[in-house]
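# Architecture at a glance
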Amino acid sequence: MNDNLTRNEVDVAANLVAIRERMDLAARAAGRAPADVTLTAVSKLHGPERIAPALVAGQRIFGENRVQEAVDKWPALRDGFDDVGLHLIGPLQSNKVRQAVSLFDVIETLDRPKLARRIADAIEELGRAPELLIQVNIGEEPQKAGVAPLETDAFVAQCRGEFGLTIAGLMCIPPQGDAPAPYFMLLEKIARRNGLAKLSMGMSGDFETAIAFGATHIRVGTAIFGPRAHD
Ligand SMILES: *Cc1c(COP(=O)(O)O)cnc(C)c1O
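Okay, so let's go over this structure. Treat the numbers as computed from the prediction; the structure is a model and nothing was measured.

## Here's the deal with the pairing of strand β1 (residues 38–42)
A regular strand carries its side chains on alternate faces of the sheet. Burial of β1 is extensive: 4 of the 5 residues sit out of reach of the surface. One ladder, built from 4 bridges, connects β1 with strand β8 (residues 217–220); its direction is parallel. Of the residues in β8, the one forming a bridge with leucine 39 is isoleucine 218. Across 2 bridges, β1 lies against strand β2 (residues 61–64) in parallel orientation. Residue valine 42 lies in a different strand from β2, and its bridge partner there is glycine 63. Following the backbone out of β1, through helix α2 (residues 48–56) and into the adjacent parallel β2, one traces a crossover that is right-handed.

Written out as structure tokens, the structure reads:
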């Protein structure tokens, strides 16, 4: 952080530079091309004073975890930046599907047949198809959203077959406090056997490990924007 900043300020542009450097190092160390890993800047619970500097610094892909918050925030923020990509990374309720399909470029949290059906209907109705990732409950935690690892193959097939959806990849959030590597490895394995190219895994605390295990999208919030007021 820059010395000229007061306690409450965060140098978003400098943080982005630092994250990009760490991403590049992690990619090279894994024998991967840095360009194969996309940084999703998780801007949930942050306002324009933090997000605008990221846009000015050239960041274009952002993640939000609530549909309503994104609907309220982003139309104004993205004005003047026509290449912004918005990812939904939080749970999606069926009654928010139309709004989500209208606003988001990627929905990373598809995790049940009812949602798949609603998304397919909304895509047809609105003529707009966000890219879709299936969220896998990789640690099989009862409180977490996502398809169980053992049910993921069947769900991918059902999304493709019954609902005619194109699935781009998988997303996971490993259990807090566990070493993440085995979970990242498992997600990569499930993706590979289902012919899925995109892997959204890794956050502020573990993105380098995720890159080592094949992440194509990392989701970083705190390390860019600072702490969130509440979660
Ligand atoms: C909030 C959030 C993140 C970002 O977490 P940080 O630890 O702040 O980087 C990533 N993924 C999901 C699904 C989130 O909800």
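## Thoughts on the layout of surface pockets
Quantified by volume, the largest pocket comes out at close to 780 Å³. Lys44, Lys144, Ile173, Gln176 and Met203 are the residues nearest the centre of the largest pocket, which is lined by 30 residues in total. Across the lining of the largest pocket, the residue classes tally to 10 nonpolar, 11 polar and 9 charged.

What counts and how
Residues numbered from 1 in each chain as written. Predicted model: local features only at pLDDT ≥ 70, side-chain atom pairs only at ≥ 80, totals over all residues. Heavy atoms only, no water. Buried < 20%, exposed > 50% of the residue type's maximum accessible area, 1.4 Å probe, protein only. Helix = DSSP H or I, 4+ residues; strand = E, 2+ residues; numbered from the N terminus. Pairing = 2+ DSSP bridges. Right-handed = clockwise from strand over helix to strand, strands pointing away. 1 Å grid on protein atoms, 1.4 Å probe; cavity = no way out; pocket = protein on both sides within 12 Å on 5 of 7 lines; lining within 4 Å. Points joined across faces, edges and corners; volume = space filled by probe spheres on them. Nonpolar A, V, L, I, M, F, W, Y, C, P; charged D, E, K, R; others polar.

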